[in-house]
Amino acid sequence: MVRQNSSLEIMEENTSPVVGAADIGGTNTRVGLVHADGTLIKVRSFKTPVSGSPEDIPKIIARTLREINEEKTPLAGIGVSVAGPVDAISGTIVHPPNLPFETVPITVPLAEETGQCVILQNDCRAAVLGEVLAGGARGYSNVVYVTISTGIGGGVFTGGRVLTGRGGNAAEIGHFPVDNTYSFPCTCSHYGHWEGYASGNGIPTFYREWCRVHDYPCSQSGKAEEILHCHPDDRIKKDFRTALAKINGRGFSAVIVAYDPECIILDGTVIRNHPTLLDEALDYTDHYLKLPEFRISPLNGYAPLIGAAMTVLHPEMS
């Protein structure tokens, strides 16, 4: 695991092309060098700059790439993944939910700083390509990547390429409607969305509202981890886990009928730390279509970073 503000050296000996990559999150940004086979060479993690101007982000990424590329290895390009909507044509992050900026230009300033070709991709769209080429979805032709973390996001690989949509934002599965009983707002300000209930940010809100509706005491500190850790004798928490399982089951049901995948790759801190959430959700997942294989990502959270590099090397697939 890469520690904050630290460097991780993973592999040195490999003669395949090397790509620069960055994964910009609302809390942390990872910058790395990646071999063409998906092997990580070096990775550095730092707090995403949010107190200055949006132009600081590409500048710090460029500086970090220069620092970790001590051997001055020629790069095949730079791939950048980011949580949130992108404008693929202008290479700009648009209305990022976890950053205090309206827009963040990436491709043009980063290209000017490095002299490299830069490609910007939504993190989940990048991640599904990383899983197909270097992760848990190798050998599959129809794959959906689902991350359940601070938010909920998805990426779809079908027909030999990543599904992008008109502007690079297809498969925003976190905003699938899954409920009209509680109908409280998602972070996007609309109502009943999967992310608003079952993400790391959404679970505490859902739990408080669920307790209020059922007239249960709610003394939690507001952290999903505490809510999800359920003692066998805690009837309230067990009942809430059932309510959450129904929401997740509706989300998975929608993913399956929308994309008919062979394989769903699951990632994100919520699902990695609480894998039993999957088993609970499958009890409430529709069987209208045959269930796909479900797998936890083997890439330890690096799928978006690796996928960003794969986007540079395989533009025909992205």
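Fair warning: this is a prediction, and the values are worked out from it, not measured in the lab.

This part takes up the packing of helix H1 (residues 56-68) against helix H2 (residues 107-114). The geometry of H1 relative to H2 is characterised by a closest axis approach of 9 Å and an angle of 35 degrees between their N-to-C directions. With respect to the hand of their crossing, H1 and H2 are arranged in right-handed fashion. For the pair formed by H1 and H2, the contact residues are Pro 58, Lys 59, Ile 61, Ala 62 and Arg 66 on the first element and Pro 109, Leu 110, Glu 113 and Thr 114 on the second.

The next subject is the environment of Asp 123. Mapped onto the elements of the fold, Asp 123 is located in helix H3 (residues 123-134). Judged by relative accessible area, Asp 123 falls into the buried class, the value being 15%. Distance in space between the C-alpha atoms of Asp 123 and Thr 311 is 11 Å, their sequence separation being 188 residues. Setting aside residues no more than four positions away along its own chain, Asp 123 makes contact with Asp 23, Ser 81, Val 82, Ala 83 and Pro 304.

Here the focus is unusual backbone geometry. Of note, the phi angle at Ala 171 is positive, near 65 degrees, even though the residue is not glycine. By secondary structure assignment, the location of Ala 171 is in the loop between strand E12 (161-162) and helix H4 (194-198). Accessibility expressed as a relative area gives 8% for Ala 171, which makes it buried. Unlike most non-glycine residues, Asp 215 shows phi in positive territory, near 60 degrees. Position of Asp 215 among the secondary structure elements: in the loop between helix H5 (202-213) and helix H6 (224-228). Accessibility expressed as a relative area gives 69% for Asp 215, which makes it exposed.

Here the focus is the state of the cysteines. Applying the stated criterion across every chain yields a total of zero disulfides. Among the cysteines around Cys 188, which has no disulfide bond, Cys 186 carries the closest sulfur, lying 3.8 Å off. Taking the relative accessible area as the measure of exposure, Cys 188 reaches 29% and is therefore partly exposed. Residue Cys 263 stays outside any disulfide, its sulfur separated by 15 Å from that of Cys 124, the closest cysteine. Residue classification places Cys 263 among the buried positions, given a relative accessible area of 0%.

Next up on the list: H3. Between the first and last C-alpha of H3 there are 16 Å, a value that for 12 residues agrees with the 16 Å anticipated at 1.5 Å per step. With respect to burial, H3 is a largely interior element, 11 of its 12 residues being buried. All buried positions along H3 are accounted for by Asp 123, Cys 124, Arg 125, Ala 126, Ala 127, Val 128, Leu 129, Gly 130, Glu 131, Val 132 and Ala 134. The N-cap residue of H3 is Asn 122: its side-chain oxygen and the backbone nitrogen of Cys 124 are 2.9 Å apart.

With that settled, the discussion passes to the domain arrangement of the protein. Here the domain parsing of the protein yields domain 1 (18-128 + 303-317) and domain 2 (139-297). Relative placement of domain 1 and domain 2: their C-alpha centres are 27 Å apart. Between domain 1 and domain 2, the contact holds 15 residues from the first and 20 residues from the second. Summed over both partners, the interface of domain 1 with domain 2 buries about 1300 Å², with 55% contributed by carbon and sulfur atoms. Looking only at domain 1, the three residues that lose the most surface to domain 2 are Arg 125, Val 128 and Met 317, adding up to 50% of its buried area. Put simply, domain 1 and domain 2 have one salt bridge between them. Put simply, Arg 125 and Glu 172 hold a salt bridge, and the shortest N to O gap is 3.5 Å.

The subject of this paragraph is the pairing of strand E10 (residues 143-148). With six of its six residues buried, E10 lies for the most part within the structure. Of the two faces of E10, the one carrying Val 143, Tyr 145 and Thr 147 and the one carrying Val 144, Val 146 and Ile 148 are both buried. Sheet topology places E10 next to strand E11 (residues 152-158); six bridges connect them, and they run antiparallel. Paired with Thr 147 across the bridge in E11 is Gly 153. Hairpin geometry of E10 and E11 is characterised by an intervening segment of three residues between the two adjacent antiparallel strands. The pairing of E10 with strand E13 (residues 263-267) spans five bridges and is parallel. Residue pairing across strands places Tyr 145 opposite Ile 265, the latter belonging to E13.

Another point: the sheet that holds E13. Taken in spatial order, the five strands line up as E12-E11-E10-E13-E14 in an open sheet, and their pairing is mixed. At either end of the open sheet lies a strand with only one pairing partner, and these are E12 and strand E14 (293-296). In this structure, E13 lies alongside E14, joined through four bridges in parallel fashion. What sits directly across from Ile 265, in E14, is Arg 295. Contacts from helix H7 (residues 235-259) reach E10, E11, E13 and E14 within the one sheet, and its direction differs from that of E10 by about 155 degrees.

Here is what the cut-offs are and how they apply
Within each chain, residue numbers correspond to sequence positions counted from 1 in written order. Local features in this predicted model are restricted to residues of pLDDT 70 or higher, and side-chain atom pairs are both shown and tallied only at a pLDDT of 80 or more, whereas totals for entire chains, interfaces and linings draw on every residue. Note that the side-chain values use all heavy atoms of the structure and ignore hydrogens as well as water. In this analysis an axis means a line fitted to C-alpha atoms, helices contributing only their contacting stretch, and an angle means the value between N-to-C directions, from 0 to 180 degrees. Secondary structure elements are defined from DSSP: runs of H or I of at least 4 residues count as helices, runs of E of at least 2 residues count as strands, and each element is numbered from the N terminus. Crossing handedness: left-handed means the near helix sits turned counterclockwise from the far one by under a right angle, and right-handed means the same turn made clockwise. When checking whether two residues touch, look at their non-hydrogen atoms; a contact exists if any pair is within 4.5 Å. Burial here depends on accessible area, computed with a 1.4 Å probe over protein chains only, as a share of the maximum for the residue type. Under 20% is buried, over 50% is exposed, and the range in between is partly exposed. Cysteine sulfur pairs qualify as disulfides if the two atoms are within 2.5 Å. Helix span, as expected, comes to 1.5 Å for every residue beyond the first. Whenever a nitrogen or oxygen atom comes within 3.5 Å of another N or O atom, the pair is scored as a polar contact, on the condition that within protein one atom can donate a hydrogen and the other can accept it, and that pairs from neighbouring residues in sequence are kept only if both atoms are in side chains. An automatic or database domain assignment supplies the start and end points of every domain. The term buried area refers to how much accessible surface (probe radius 1.4 Å) is lost by two components on association, counted for both of them together. Any Lys or Arg side-chain nitrogen located within 4 Å of an Asp or Glu carboxyl oxygen qualifies as a salt bridge. At least two DSSP bridges between two strands are needed for those strands to be called paired.

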